[in-house]
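Notes for the structure review
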Amino acid sequence: MEDYILNDHNKEEFPPAHTAEHLLNQTMIRLFGCERSFNAHIERKKSKMSFHLDHKPSRQEEKEIETRMNELIGDDLPVTYEFVTRDELPEGIDPSRLPDDVSDTIRLVRIGDYDVCPCIGKHVRSTSQIGRFEMLGTNWDEHERSFRVRFKIV
(Lines give C-alpha, C1' and ligand atoms only; values in the text may rest on other atoms or scores of the structure.)
Protein backbone atom coordinates (compact mmCIF):
# COMPACT_ATOMS: atom_id res chain seq x y z
CA MET A 1 0.00 0.00 0.00
CA GLU A 2 1.24 3.49 -0.78
CA ASP A 3 1.82 5.98 2.00
CA TYR A 4 -0.42 9.00 1.64
CA ILE A 5 0.27 12.34 3.27
CA LEU A 6 -3.00 13.62 4.69
CA ASN A 7 -3.93 16.68 6.67
CA ASP A 8 -2.98 16.95 10.33
CA HIS A 9 -5.80 16.19 12.68
CA ASN A 10 -6.06 17.66 16.15
CA LYS A 11 -9.04 15.72 17.51
CA GLU A 12 -9.33 12.36 19.21
CA GLU A 13 -12.81 11.18 18.25
CA PHE A 14 -14.93 8.59 20.02
CA PRO A 15 -15.29 6.28 16.98
CA PRO A 16 -18.89 5.07 17.66
CA ALA A 17 -20.25 8.62 17.99
CA HIS A 18 -18.14 9.89 15.10
CA THR A 19 -19.44 7.13 12.82
CA ALA A 20 -22.99 7.90 13.98
CA GLU A 21 -22.35 11.51 12.92
CA HIS A 22 -21.87 10.31 9.33
CA LEU A 23 -25.08 8.25 9.50
CA LEU A 24 -27.10 11.12 10.97
CA ASN A 25 -25.85 13.51 8.27
CA GLN A 26 -27.03 11.17 5.52
CA THR A 27 -30.30 10.36 7.33
CA MET A 28 -31.12 14.08 7.54
CA ILE A 29 -30.23 14.55 3.85
CA ARG A 30 -32.55 11.69 2.88
CA LEU A 31 -35.43 12.64 5.19
CA PHE A 32 -35.36 16.42 4.74
CA GLY A 33 -33.39 17.15 1.56
CA CYS A 34 -30.97 19.34 3.54
CA GLU A 35 -27.18 19.69 3.51
CA ARG A 36 -24.81 17.99 5.93
CA SER A 37 -24.74 19.62 9.38
CA PHE A 38 -23.38 23.15 9.62
CA ASN A 39 -22.37 22.72 13.26
CA ALA A 40 -21.45 19.51 15.06
CA HIS A 41 -20.04 18.82 18.51
CA ILE A 42 -19.44 15.08 18.89
CA GLU A 43 -18.41 13.69 22.28
CA ARG A 44 -18.46 10.40 24.16
CA LYS A 45 -21.19 11.44 26.63
CA LYS A 46 -23.42 13.69 24.51
CA SER A 47 -23.34 15.06 20.98
CA LYS A 48 -25.22 17.71 19.03
CA MET A 49 -25.57 18.49 15.35
CA SER A 50 -27.41 21.36 13.65
CA PHE A 51 -29.05 21.39 10.22
CA HIS A 52 -30.74 24.07 8.12
CA LEU A 53 -34.25 22.79 7.28
CA ASP A 54 -37.26 24.20 5.47
CA HIS A 55 -39.63 23.31 8.34
CA LYS A 56 -39.68 22.33 12.00
CA PRO A 57 -39.80 18.52 12.12
CA SER A 58 -42.90 16.99 13.69
CA ARG A 59 -42.66 14.60 16.63
CA GLN A 60 -43.29 11.78 14.14
CA GLU A 61 -40.38 12.96 11.95
CA GLU A 62 -38.14 13.16 15.03
CA LYS A 63 -39.09 9.59 15.95
CA GLU A 64 -38.31 8.53 12.35
CA ILE A 65 -34.78 9.94 12.69
CA GLU A 66 -34.14 7.80 15.76
CA THR A 67 -35.77 4.71 14.22
CA ARG A 68 -33.76 4.98 10.99
CA MET A 69 -30.51 5.52 12.86
CA ASN A 70 -31.01 2.37 14.93
CA GLU A 71 -32.04 0.38 11.83
CA LEU A 72 -28.82 1.45 10.08
CA ILE A 73 -26.77 0.50 13.12
CA GLY A 74 -28.52 -2.89 13.17
CA ASP A 75 -27.86 -3.39 9.44
CA ASP A 76 -24.15 -3.86 10.32
CA LEU A 77 -22.98 -1.79 7.34
CA PRO A 78 -19.23 -1.99 6.67
CA VAL A 79 -17.12 1.15 7.12
CA THR A 80 -14.44 1.31 4.42
CA TYR A 81 -11.88 3.81 3.19
CA GLU A 82 -10.72 4.88 -0.21
CA PHE A 83 -8.15 7.45 -1.30
CA VAL A 84 -8.80 9.83 -4.18
CA THR A 85 -7.37 13.09 -5.44
CA ARG A 86 -9.31 16.33 -5.30
CA ASP A 87 -10.05 15.91 -9.02
CA GLU A 88 -11.57 12.46 -8.43
CA LEU A 89 -14.15 13.40 -5.78
CA PRO A 90 -17.38 11.46 -6.36
CA GLU A 91 -20.53 13.28 -7.42
CA GLY A 92 -22.34 14.76 -4.45
CA ILE A 93 -19.25 15.65 -2.43
CA ASP A 94 -19.02 19.41 -2.08
CA PRO A 95 -15.36 20.46 -2.41
CA SER A 96 -16.17 23.85 -0.87
CA ARG A 97 -16.60 22.08 2.49
CA LEU A 98 -12.98 20.87 2.45
CA PRO A 99 -10.38 22.94 4.33
CA ASP A 100 -8.44 25.47 2.25
CA ASP A 101 -5.17 23.66 2.97
CA VAL A 102 -6.51 20.17 2.15
CA SER A 103 -3.94 17.69 0.86
CA ASP A 104 -4.03 16.49 -2.76
CA THR A 105 -5.01 13.03 -1.52
CA ILE A 106 -8.33 12.82 0.25
CA ARG A 107 -9.61 9.90 2.31
CA LEU A 108 -13.22 9.02 1.68
CA VAL A 109 -15.14 7.13 4.34
CA ARG A 110 -17.92 4.88 3.00
CA ILE A 111 -20.61 3.39 5.16
CA GLY A 112 -22.09 0.58 3.08
CA ASP A 113 -24.04 2.09 0.17
CA TYR A 114 -25.52 4.66 2.55
CA ASP A 115 -22.96 7.44 2.90
CA VAL A 116 -19.62 8.62 1.53
CA CYS A 117 -17.77 11.63 2.93
CA PRO A 118 -14.21 12.98 3.08
CA CYS A 119 -12.94 12.43 6.62
CA ILE A 120 -9.68 11.74 8.43
CA GLY A 121 -11.25 10.82 11.78
CA LYS A 122 -11.55 7.48 13.55
CA HIS A 123 -14.50 5.18 12.87
CA VAL A 124 -15.80 1.76 13.89
CA ARG A 125 -15.36 -1.15 11.42
CA SER A 126 -19.11 -1.69 10.98
CA THR A 127 -22.24 0.08 12.15
CA SER A 128 -23.22 -2.67 14.61
CA GLN A 129 -20.25 -1.55 16.73
CA ILE A 130 -21.86 1.86 17.29
CA GLY A 131 -24.31 0.75 19.96
CA ARG A 132 -27.76 2.34 20.26
CA PHE A 133 -28.61 5.87 19.09
CA GLU A 134 -30.69 7.75 21.67
CA MET A 135 -32.14 11.13 20.81
CA LEU A 136 -31.91 13.30 23.93
CA GLY A 137 -33.83 16.24 22.52
CA THR A 138 -34.14 18.76 19.74
CA ASN A 139 -34.36 22.52 19.32
CA TRP A 140 -35.87 24.52 16.50
CA ASP A 141 -34.76 28.09 15.77
CA GLU A 142 -37.45 29.62 13.57
CA HIS A 143 -35.41 32.72 12.75
CA GLU A 144 -32.35 30.70 11.60
CA ARG A 145 -34.50 27.80 10.34
CA SER A 146 -32.10 25.49 12.12
CA PHE A 147 -32.79 22.19 13.80
CA ARG A 148 -30.42 20.88 16.47
CA VAL A 149 -30.38 17.19 17.39
CA ARG A 150 -28.88 16.21 20.74
CA PHE A 151 -28.04 12.53 21.10
CA LYS A 152 -25.91 9.97 22.84
CA ILE A 153 -24.57 6.58 21.90
CA VAL A 154 -25.17 3.82 24.48
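The following paragraphs examine the structure supplied in this document. Here the structure is a predicted model, which is why all the values come from computation and not from measurement.

**Digging into the overall build of the protein chain**
Along the backbone of the protein chain there are two helices and seven strands. The helix and strand sequence of the protein chain, counted from the amino end, reads α-β-β-α-β-β-β-β-β. For 154 residues, the compact-globule formula gives about 15 Å, and the C-alpha radius of gyration of the protein chain, at 16 Å, lands near that figure. Expressed along its principal axes, the backbone C-alpha trace of the protein chain runs to roughly 50 × 35 × 25 Å.

**Concerning the packing of helix H1 (residues 15–32) against helix H2 (residues 59–74)**
Between H1 and H2, the least distance of the axes is 10 Å, while the angle of their chain directions is 130°. One finds that H1 runs oblique with respect to H2. When you trace H1 past H2, the crossing you get is right-handed. Seen from H1, the contacting residues are Ala20, Leu23, Leu24, Thr27, Met28, Arg30, Leu31 and Phe32; seen from H2, they are Glu61, Glu64, Ile65, Arg68, Met69, Leu72 and Ile73. When its residues are assigned to classes, the contact of H1 with H2 shows ten nonpolar, one polar and four charged.

**Structural notes on the side chain of Thr27**
In this fold, Thr27 is placed in helix H1. In this structure, Thr27 is in contact with Ile65, Arg68, Met69, Leu72 and Tyr114, ignoring residues within four places of it in sequence.

**Focus: the pairing of strand E2 (residues 47–52)**
Both strand E1 (residues 39–41) and E2 contribute to a ladder of three bridges, which runs antiparallel. Each residue of the ladder has a partner; that of His41, found in E2, is Lys48. The turn joining E1 and E2, which pair antiparallel and follow one another in sequence, is formed by five residues. Relative to strand E7 (residues 146–153), E2 runs antiparallel, the two sharing six bridges. Looking at the pairing, His52 lines up with Ser146 of E7.

**Focus: the pattern of salt bridges**
Taken as a whole and assessed by the stated rule, the structure comprises nine salt bridges. The partner of Glu142 in a salt bridge is Arg145, with the nearest N and O atoms 2.4 Å apart. A relative accessible area of 30% places Arg145 in the partly exposed class. Overlapping salt bridges, with partners in common, bring together Arg132, Glu134 and Lys152 in one network.

**Some words on unusual backbone geometry**
Despite not being glycine, Asp76 shows a phi value in the positive range, around 55°. As for its placement among the helices and strands, Asp76 is situated in the loop between H2 and strand E3 (79–85). Here the phi dihedral of Arg145 falls at roughly 55°; this positive angle occurs in a residue that is not glycine. Within the secondary structure, Arg145 sits in the loop between strand E6 (133–141) and E7.

**What to know about the nonpolar core**
Counting residues in each nonpolar core, the largest one holds 29 residues, and the members touching the most others are Leu23, Leu24, Met28, Leu53, Ile65, Phe133 and Phe151. Mapped onto this core, the elements with two or more residues apiece are H1, E2, H2, strand E4 (105–111), E6 and E7. At six residues, the largest contribution of residues to this core is made by H1. Ranked by size, the runner-up nonpolar core spans seven residues in total, among them Leu89, Leu98, Val102 and Ile106.

**Details of the sheet that holds E7**
The strand order across the open sheet built from four strands is E1-E2-E7-E6, with neighbouring strands paired in antiparallel fashion. At either margin of the open sheet sits one strand with a lone partner, and together these are E1 and E6. With direction set aside, neighbouring strand axes in the sheet form an average angle of 15°. On top of the sheet, H2 reaches E6 and E7; it is set at about 145° to E6, its chief contact.

About the thresholds
Residues numbered from 1 in each chain as written. Predicted model: local features only at pLDDT ≥ 70, side-chain atom pairs only at ≥ 80, totals over all residues. Heavy atoms only, no water. Helix = DSSP H or I, 4+ residues; strand = E, 2+ residues; numbered from the N terminus. Rg over C-alpha atoms; globule rule 2.2 N^0.38 Å. Axes fitted to C-alpha atoms, helices over the stretch in contact; angles between N-to-C directions. Parallel < 35°, antiparallel > 145°, perpendicular 65-115°, else oblique. Left-handed = near helix turned anticlockwise from the far one by under 90°. Contact = heavy atoms within 4.5 Å. Nonpolar A, V, L, I, M, F, W, Y, C, P; charged D, E, K, R; others polar. Pairing = 2+ DSSP bridges. Salt bridge = Lys/Arg side-chain N within 4 Å of Asp/Glu carboxyl O. Buried < 20%, exposed > 50% of the residue type's maximum accessible area, 1.4 Å probe, protein only. Core = buried A, V, L, I, M, F, W, Y, C linked by side-chain atoms within 4.5 Å.

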